[in-house]
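# An overview of the molecular structure
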Protein chains: 2
Amino acid sequence: MSRFLFSLLIIILPVSAHSQLPAVKASKQWINSEGSNILSDFAEILKIPNHASDSVNISKNAVQLDQMFSKRGFDMQVLELPGAPPVVYGERLVAGATRTLCFYVHYDGQPVDPEQWVNPPFDPVMYDKALFQDGKRIEYPKKNEPIDPNWRIYARSTGDDKAPLIALSAALDALENSNIDLTSNIKLFFDGEEESSSPNLVDYLETYSDLFDDISVWLLCDGSVFQTGAPQLKFGGRGVTSMEITVYGASRPLHSGHYSNWAPVPGQMLARLLTSMKAEDGSILIEGYYDSVEPISDFEKQQISKIPNIDEFLKKDLGLVQTEGNGQSVFEQLLLPTLTVRGLSSGNVGSRARNIIPSTATATLGLRLVKGNDPEAMLDLIEAHIKNEGWQVVYEDPDHETRLKYPKIIKVKRNKNGYPAGKGSMDDPQILPVINAVKAYTGDKLVLLPSSGGSNKMYYVIYNMLKKPAISVNIANFDNNQHAADENITIGSLWYGIELYSVLLTMPQGPEILIDK
Amino acid sequence: MSRFLFSLLIIILPVSAHSQLPAVKASKQWINSEGSNILSDFAEILKIPNHASDSVNISKNAVQLDQMFSKRGFDMQVLELPGAPPVVYGERLVAGATRTLCFYVHYDGQPVDPEQWVNPPFDPVMYDKALFQDGKRIEYPKKNEPIDPNWRIYARSTGDDKAPLIALSAALDALENSNIDLTSNIKLFFDGEEESSSPNLVDYLETYSDLFDDISVWLLCDGSVFQTGAPQLKFGGRGVTSMEITVYGASRPLHSGHYSNWAPVPGQMLARLLTSMKAEDGSILIEGYYDSVEPISDFEKQQISKIPNIDEFLKKDLGLVQTEGNGQSVFEQLLLPTLTVRGLSSGNVGSRARNIIPSTATATLGLRLVKGNDPEAMLDLIEAHIKNEGWQVVYEDPDHETRLKYPKIIKVKRNKNGYPAGKGSMDDPQILPVINAVKAYTGDKLVLLPSSGGSNKMYYVIYNMLKKPAISVNIANFDNNQHAADENITIGSLWYGIELYSVLLTMPQGPEILIDK
């Protein structure tokens, strides 16, 4: 988030919320007395490098988490599959509980380029405010020293996704300290390769299915709060796939003097094809593209209408006067499938540009999918459109014989790893208690997003394979620099996480009627 | 040229031509007796590396050329300007001559990447045929051993542009040996930085203008013969310029899940703009783009109609079914200005593609210009078109304030080094004798091209600044791999060069009526 937007929003919205729930009181009390210890414990977790490919350090992380939750009454197992980072699994059964919640957190992080960081990425350091606010480095607080929730810790995985680990452990300690019972069986699923697309996730879920069969609701802790800083719950994510298309001119790059005006120009042909796919207002012109979209429920429509409209803020922040979608809000637009030119390439630009007619031009198209859209079927629609525009579709570079057969040849490379949206209904009987409990804590500023605009394989796997609901219970500040250099978390976000998780750990059993339904 | 096209053409067209002109007879006789020496002398020239930035070796080349033509009766001067490779200049005055011909050759070469070469680029080696014909390396011939004109020498600058140096020196020797007088004063202009775009050329011509004022006709020796292998003369070249355009979306790349369908997609916007510039048949839709084209003369039209139609050969060779221009031949299309997408870039494609909305998309447009087109005026027309499509044109990256003012922003970067076409009339009284003389040597297979499709600053400078005619008298084989690895020349091309230059050195004075005018 830019300084501009940040400074606007920090005034409008408090960093965390208040409530008189016993769990929240217990958490606040625990934070007051143990805050400095929580922060120094967090620093210990952050010191261990955690790229999924770094098996030595990944194991150290797993051992640390195993110990951390063993201490807190969990039966822990470090699950393994050949060649995969371990999944750290834990369970704590609660007498009389009829529901099992599973907290999904990933302990691996994005790769780092230390050159780009102000401080070394695995040396967690405290700042009095954000670097972009000209924050100064400060010492970690000592016992009983006051702690400002605007302070930030900078290190890889502070926000994405180690904060939930310390928040959850502190929430458990806070409840223990105040003798407040948990109301659900709790399971832990700590993924060690999320930032590498969790290639072994399904394998783990299948191999160890006995451990996961009885989970009622998955709570996904990965991610940040709403753009304005408001608390949010998300109940699904969009599907995703992509297609790369390459159009062909002559079989080799040609001298632009000797052949232009005569030889086909791939960049020009590609531009024409892309133009045929989308109108200037952003509506997609591919036949049937919107046909399979499943309508959302009235309850969800109602919730969307309550989401703060941040379009004008975003436009100012992003330097935009005009948007796609004829004035629909960014959140309304998340309910439709997308088609985005995420990359273009032909010849060279800039100082490497040469006076040639390139022999190919390539575009890569990104698709986000909503419930109802099948990834393969959506790619089929695009292919059908391309054929309808007179192109001969091939799946390998065309040989000379093929080139001499067709006037317009295009190679289509379909993403084989796409997946559909994963999304439940917000009025699912397992979901309503979560909404109720969190709303009792946050009040009306809670944002309920039927689906994230982004894609998270977990939603897809949980809804479509495990047939269970998944809810994102995000805690990180929106400007946590997730995936980038100088990743950070505000102390206020950590405190919010502790309170939120204590609420989830102690929420009532039944699906009572939602206050504002 | 591909194996396919080459094998077709080598049967159709002889490598060189025959004639009973005394100069040609003298050349053939000289080649017969001295061929092996000519080749070993050529090898000596090729051994000296010659990139314009390599000042030590560039000087060695200059010294060698100075000596080579001093021996042949030329008053030589190595002209110098600070920081520039020298121009090797020479003159040989002929009693009674009323015309001064200047041979323009460049002795510098393209940079080399030895990794890409079969043999080291400055170790000239002989092959019995082309590498692509599975040629085998052979020894240089000894005195009086038969020499096959299909043999090739591989080394940097064999074709581009050291062959004319050895051909010209051998032609002078051949005429001397047969006591045939030259019919014109001869000047030499050997450029040392042509492959670096001759940045000091105009400066040299101005600084040493006394040496160049009396030149009647410039003979440009750079380049290859006609695509079919037929001899050709060219009387001009197209102008050239370019424009790079960059369109802007949000001020930073955005997560495609959270913002697509709402944030503008630069690649899509650029595609729409490019599509508005050119119709599917290749005709340029920019208003006024063809208005300034100067019509060509009837004589030139007649010559163009005689150029062998090689479209079907080219299409087969290049793997094309369809071409731009509604069936006009490639040579007819050279008479029009072009607009070519020579490069496209936005985000990434292939394995580096990411699920983002890139913040910019860039296209670079190459323009070739014909006589009548002013480079600045043509770029103005494109800019006017862009504005007409609703774009706000800027010349620097837009700042935040600018971004918040205009819905569609485009940065235009105009090439400041473009230049207009340089082209004379083929019936110019200084040009006709050259056509006549060469035709008397080659017969009817001579191709007369009013203008090259490519651009050569020399044409522009000579026609527009010096106001003199310039004629390309090319000798290299078409498949000489000019600028690339494994550059080569056929021995037949060298022999053709000797004969051609002997004809030019001895052509009659007057502009007699052209046989077929």
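Criteria and cut-off values
Residues numbered from 1 in each chain as written. Chains lettered and ligands numbered in written order. Predicted model: local features only at pLDDT ≥ 70, side-chain atom pairs only at ≥ 80, totals over all residues. Pairing = 2+ DSSP bridges. Helix = DSSP H or I, 4+ residues; strand = E, 2+ residues; numbered from the N terminus. Least-squares fit on C-alpha atoms with pLDDT ≥ 70 in both. Contact = placed C-beta atoms within 7 Å. pLDDT = per-residue confidence, 0-100. Nonpolar A, V, L, I, M, F, W, Y, C, P; charged D, E, K, R; others polar. Buried ≥ 20, exposed ≤ 12 C-beta atoms within 10 Å, placed from the backbone.

### Comments concerning the sheet that holds strand β6 (residues 152-154) of chain A
Residue and element names in this part refer to chain A. On the basis of which strands lie adjacent, the open sheet formed by 4 strands has the order β5-β4-β6-β21 and antiparallel pairing. Two strands in the sheet have a free side with no partner beyond their single neighbour: β5 (137-138) and β21 (488-490). Note that strand β4 (residues 125-127) and β6 share 3 bridges and pair antiparallel. Across the sheet, Val125 pairs through a bridge with Tyr154, a residue of β6.

### Structural notes on the relation of the copies chain B and chain A
Mapping one chain copy onto the other needs a rotation about an axis and a shift along that axis. The two copies are related by a screw operation: chain B maps onto chain A through 180 degrees of rotation and 0.0 Å of translation along the axis, at an RMSD of 0.1 Å. In the structure described here, the two chain copies are related by an operation that fits a two-fold rotation axis. A share of 99% of interface residues in chain B that are also interface residues in chain A marks the association as one of identical surfaces.

### Quick word on the confidence of the model for chain A
Residue and element names in this part refer to chain A. Confidence in the prediction for chain A averages 93 pLDDT; 95% of positions are at 70 or higher. Every residue in residues 1-17 is under pLDDT 50, and counting partners more than four places away or in other chains gives 29 contacts. A low-confidence stretch, residues 513-517 stays under pLDDT 50, and its non-local contacts, those more than four residues away or across chains, total 5 contacts. In the predicted complex, the global pTM is 0.86; the interface-specific ipTM is 0.86.

### A few points about the environment of B:Ser455
With respect to the helices, strands and loops of the structure, B:Ser455 is situated in the loop between β19 (447-449) and α15 (457-465). Beyond its immediate stretch of four places on either side in the chain, B:Ser455 contacts A:Gly257, B:Gly237, B:Arg238, B:Gly239, B:Val240 and B:Arg368.

### With respect to the interface of chain B and chain A
Contact with chain B, which involves 70 residues of that partner, is made by 69 residues of chain A. Considering every element that reaches the side of chain B that touches chain A, the biggest residue donor is strand β13 (residues 340-347) of chain B, with 8 residues. Of the residues in the side of chain B that touches chain A, the class split is 26 nonpolar, 32 polar and 12 charged. The pairing of strand β13 (residues 340-347) of chain A with β13(B) spans 5 bridges and is classified as antiparallel. Counterpart to A:Gly347 in the pairing with β13(B) is B:Gly343.

### What about unusual backbone geometry?
A cis amide bond, omega 25 degrees, links A:Asp160 with the succeeding residue A:Asp161. Within the element layout of this structure, A:Asp161 appears in helix α4 (residues 158-177). Positive phi, close to 75 degrees, is recorded for B:Ser157, a residue that is not glycine. By the secondary structure assignment, B:Ser157 is in the loop between β6 (152-154) and α4 (158-177). Since 29 C-beta atoms lie within 10 Å of it, B:Ser157 is described here as buried.

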